[in-house]
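# Structural overview
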Amino acid sequence: MDTLPDTAPEPPKKSPRGRRIVAFVLVLSAVVGLGVGLGHRPLARWWIEKEARARGIELTFEDFSPKWGRVVLRGAKAKLEGVAGFAAESPWIAVDLDGLSPTRIDARNVEVTLALPLDERLEALDAWSQAHPGALDLPTTANVTVTWGAKASPFLVLAGQVTKARGSEGAFEGTVVFEGTNLGLLGARWNGKDPASIWLGAKTAEAAPLRLALDTTTKPMRLTATLPPTKVDDLARARSLSVPADLRGALVEGTVVVTLGGPEAKGMYAGTASFEVKGWVPPHPKELDGIVFGSKTKLGATFELTPNLTDVRITKATVDAGAFKLAGPGTVKREGLSARIKMTLDGAVPCSELGASVIGAHANGLLGDLLKGVARVGLGGSVNVRVTVDADTRKIDRATVDQAVTVGCGLR
C-alpha cells in the first residue's frame, strides 16, 4: 500500500523583522514595568512626566517613591497647558496604579493660585478641559486652598475638601474668605453638563441663604445668584448692619444674573437684578396711600460691573409700589463688604390718580367715592417726583433721601 504524501501546509515562517519588533515591544514593556515597580528612577520619572504631558499637565516634582500599585510624588508643582495664570503645588500626591494606568489620586495640602480676571481663568480652564477630555477622569480626594488674586492680598480664598468620582462629577466643602472677611461655609457640586451649583452659609444648598449657579456651557459664561425668602433683619445681622424701623420684619427674595465677559463687554460684566420686598413700601405721605398701595415693593436693575466687583454702574434701577413707579441711574462703590450707593430716581403720577388718592385720605363713604370720580375725570397733567439717595450700608440709618415734587396739574 502506497503511503500518501504529507500535503499539510507548512506553518508560515515569521520574518526576522517581525520577531524583532515583537521582542522590542515586550522588552520595553517589561523594562518600564520593572522600572516603575523596582525603582529604576530615571525611567520611572520619565514615565510619570510623559503621562502628565499626555493629559496637558506640565508636572515637576522634587522626589518620588515608585512601587507596584502606587507612585508617591513629593514637592510636586503643576501647570495646565494653555492656561495662563494657573499654578498648583502639593507636598504629597499619591497615584494608585493598575499596571501602568492611574486609577486614583490622593493629595495633601494642595495650593492653587489663579490670577484675575475671573472670566478669563474660567474660559481658559474650560478650553483646557475640552482639549484634554478625561485628563483628570479619576476618583480624587484632596484638601485644597484656592487663592484667587495675589497671595499678599487675595481677592477670594477657598479652603476645604474636594472629592471627585470617576467622570466629571465632583464636590467641594469648605469655607470662603472675601478680601480678608470670612463669609463662612461654602459648598459646591458639578457634573460637567449642568450649571455648577454653589451655596453659601450652610452645609446644604437647601438650607443656604445664598445660592449660585455657574453655567460654563454658555458663551459667555453666566453666573446666577438666588436669594430665597429671607428676613431683612437676618441679612443685616449677619453683616452687623442696622435696619431702618420700617424695614424690620420684611422679607426679601430675588435673583441677580451676571454675564461674565464676552467680546461686547469691553472689560465689564453685564447684569440684571430683580427683587421683591414683602411687608414694606417706600415711605410716603398719607395722601399717596391710593397710589402706593399694597404691602410689597418690586426692585429691579440693569447694570455693568467691574471684574473686581468694586464698581457697579446702574444704567436703570426701578422701584414699583402699587401705581407708584420710579426709575433712574445710579452707582455703587464697594469697600470690602460695605458699599456707598448713589441713585437718582424719577417718576410721574397722573394728577387724576393723585387727586383721587388725596380725597380718599380725607373723605370716606359715598361722598368720597363721588369726589374721587370727579377728580379722575376733571384733572389732567401729572405730578413729577424725583428722589435722590445717598447711603452707606455701614450707616444705613443715616442715609440721605431727598424728594422733589413738581406739580403740573390742571382741569381738563
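Residues numbered from 1 in each chain as written. Predicted model: local features only at pLDDT ≥ 70, side-chain atom pairs only at ≥ 80, totals over all residues. Heavy atoms only, no water.

## Quick notes on the overall build of the protein chain
To keep it simple, the criterion reads: Segments assigned H or I by DSSP are reported as helices when at least four residues long, segments assigned E as strands when at least two residues long, and all are numbered from the N terminus. Think of it in three bands: with a 1.4 Å probe and only protein chains considered, a residue is buried below 20% of the maximum accessible area for its type, exposed above 50%, and partly exposed in between. Pairs of residues are marked as contacts when any of their non-hydrogen atoms sit within 4.5 Å. Working definition of accessibility: Shrake-Rupley area with a 1.4 Å probe, residue cover restricted to the visible protein chains.
Tallying secondary structure elements over the protein chain gives 6 helices and 20 strands in all. Expressed as a percentage of its 412 residues, the buried residues of the protein chain come to 37%. Excluding contacts between residues fewer than 6 apart, the proportion of contacts in the protein chain whose partners are at least 24 apart in sequence is 44%. Only carbon and sulfur atoms are counted for the fraction: they give 59% of the accessible area of the protein chain, which is about 23800 Å².

## Quick word on unusual backbone geometry
Each neighbour pair has its own omega, and for Leu116 with Pro117 the value is 5°, a cis peptide bond. Its place among the elements puts Pro117 in the loop between β5 (101-114) and α3 (118-131). For the bond from Lys219 to Pro220, the omega torsion is 0°, close enough to zero to count as cis. With a phi close to 50°, Asn109 is a non-glycine residue in the positive phi region. Counting through the fold element by element, Asn109 comes out in strand β5. The exposure class assigned to Asn109 is partly exposed, which follows from its relative accessible area of 47%. The backbone of Leu309 shows a phi angle near 65°, a positive value even though the residue is not glycine. Within the secondary structure, Leu309 sits in the loop between β15 (296-305) and β16 (311-321).

## Looking at the pattern of salt bridges
What counts, and what does not: One speaks of a salt bridge when a side-chain nitrogen belonging to Lys or Arg is within 4 Å of a carboxyl oxygen belonging to Asp or Glu.
Following the criterion strictly, the structure yields 20 salt bridges and no others. Residue Asp106 is joined to Arg104 by a salt bridge in which the shortest nitrogen-to-oxygen separation is 3.7 Å. Of the charged contacts, one joins Asp311 and Lys333 as a salt bridge, the two residues approaching to 3.3 Å between their closest N and O atoms. Note that Asp311 is positioned in strand β16 and Lys333 in strand β17 (residues 324-335), a separation of 22 residues in sequence. Classification of Lys333 as partly exposed rests on a relative accessible area of 40%.

## Focus: the pairing of strand β4 (residues 86-98)
Threshold: Strand pairing is assigned whenever DSSP detects at least two bridges linking the two strands.
Pairing of strand β3 (residues 70-80) with β4, which is carried by 8 bridges, proceeds in the antiparallel orientation. When the sheet's bridge partners are listed, Lys77 is paired in β4 with Glu89. What sits between the antiparallel neighbours β3 and β4 is a turn of 5 residues, in which Gly82 has the positive phi angle 80°. With 11 bridges joining them, β4 and β5 adopt antiparallel strand pairing. Directly across from Phe86, in β5, lies its bridge partner Leu114. Counted along the chain from β4 to the antiparallel partner β5, the turn is 2 residues long, and its residue Gly99 has a positive phi close to 70°.

## Concerning the packing of aromatic side chains
Filter applied, for reference: What counts as a ring pair is set by centres within 6.5 Å for rings of Phe, Tyr and Trp (its six-membered ring), and what kind of pair is set by the plane angle: stacked under 30 degrees, edge-to-face over 60, tilted for all other angles.
In this structure the tally under the stated criterion is 2 aromatic pairs. With a centroid separation of 5.5 Å and 80° between ring planes, the pair formed by Phe61 and Phe64 is classed as edge-to-face. Overall, Phe64 belongs to the buried group, its relative accessible area being 2%. Both rings, one in Phe155 and one in Phe178, keep their centres 5.3 Å apart while their planes meet at 75°; by these two values the pair is edge-to-face.

## Description of the nonpolar core
One recurring pattern in soluble globular proteins is that nonpolar side chains are buried together. Stated precisely, the cut-off is as follows: In these notes, a set of buried Ala, Val, Leu, Ile, Met, Phe, Trp, Tyr and Cys residues joined through side-chain atoms within 4.5 Å is what counts as a nonpolar core.
Ile48, Leu59, Leu73, Val112, Phe303 and Ile314 are the most contacted members of the largest nonpolar core, which totals 70 residues. The residues contacting Leu73, other than those within four sequence positions of it, are Ile48, Leu59, Phe61, Asp63, Phe64, Pro91, Trp92 and Ile93. Ala250, Val252, Val277 and Trp280 belong to the second largest nonpolar core, which has 9 residues in total.

## Remarks on the side chain of Ser338
In this fold, Ser338 is placed in strand β18 (residues 338-350). Its relative accessible area of 13% is what places Ser338 among the buried residues. Not counting the four nearest positions on each side in its chain, Ser338 is found in contact with Lys333, Thr393 and Arg394.

## With respect to the confidence of the model for the protein chain
Inclusion rule: Scored from 0 to 100, pLDDT reflects the predictor's confidence in each residue.
For the protein chain, per-residue confidence averages 82 on the pLDDT scale, and residues scoring 70 or more make up 78% of the total. Taken together, the stretch residues 358-363 has pLDDT below 50 and engages in 10 contacts with residues farther than four places along the chain or on a different chain.

## Notes on helix α2 (residues 41-54)
The test is simple: Multiply 1.5 Å by the residue count of a helix minus one, and that product is the helix's expected span.
Look at α2: 20 Å from first C-alpha to last across 14 residues, which is about the 20 Å you get at 1.5 Å a residue. Taken together, the buried positions of α2 are occupied by Leu43, Ala44, Trp47, Ile48 and Ala52. Of the residues one or two after α2, Gly56 is the one with positive phi, at around 75°.

## Points about the pairing of strand β6 (residues 140-148)
So the rule is basically this: For crossovers, right-handed means that the path from the first strand over the helix to the second runs clockwise, given strands pointing away from the viewer.
Of all 9 residues in β6, 7 are buried; the element is thus mostly enclosed. Of the pairings in the sheet, the one linking β5 to β6 comprises 8 bridges and is parallel in character. Paired with Glu111 across the two strands is Thr145, which belongs to β6. Handedness of the crossover joining β5 and β6 through α3: right-handed. Relative to strand β7 (residues 156-164), β6 runs antiparallel, the two being bridged by 9 bridges. Within β7, the residue paired with Asn143 across the bridge is Gln161.

## So, the environment of Thr259
Tracing the backbone through its elements, the reader meets Thr259 in strand β13 (residues 251-260). Separated by 38 residues in sequence, Thr259 and Met221 place their C-alpha atoms 6.0 Å apart. What Thr259 contacts, discounting residues up to four positions off in sequence, is Pro220, Met221, Arg222, Tyr269 and Ala270.

## Thoughts on the environment of Ser65
Test applied: A 3.5 Å cut-off defines polar contacts: any pair of N or O atoms within that distance qualifies, except that in protein one atom must be a possible hydrogen donor and the other a possible acceptor, and neighbouring residues in sequence count only when both atoms are side-chain atoms.
Residue placement: Ser65 occurs in strand β2 (residues 63-67). For the pair Ser65 and Arg45, spaced 20 residues apart in sequence, the C-alpha to C-alpha distance is 10.0 Å. Those residues in contact with Ser65, other than ones at most four positions away along the chain, are Arg70, Val71, Val72 and Arg74. Reaching out from Ser65, the side chain makes a polar contact with the side chain of Arg74 at a distance of 2.8 Å.

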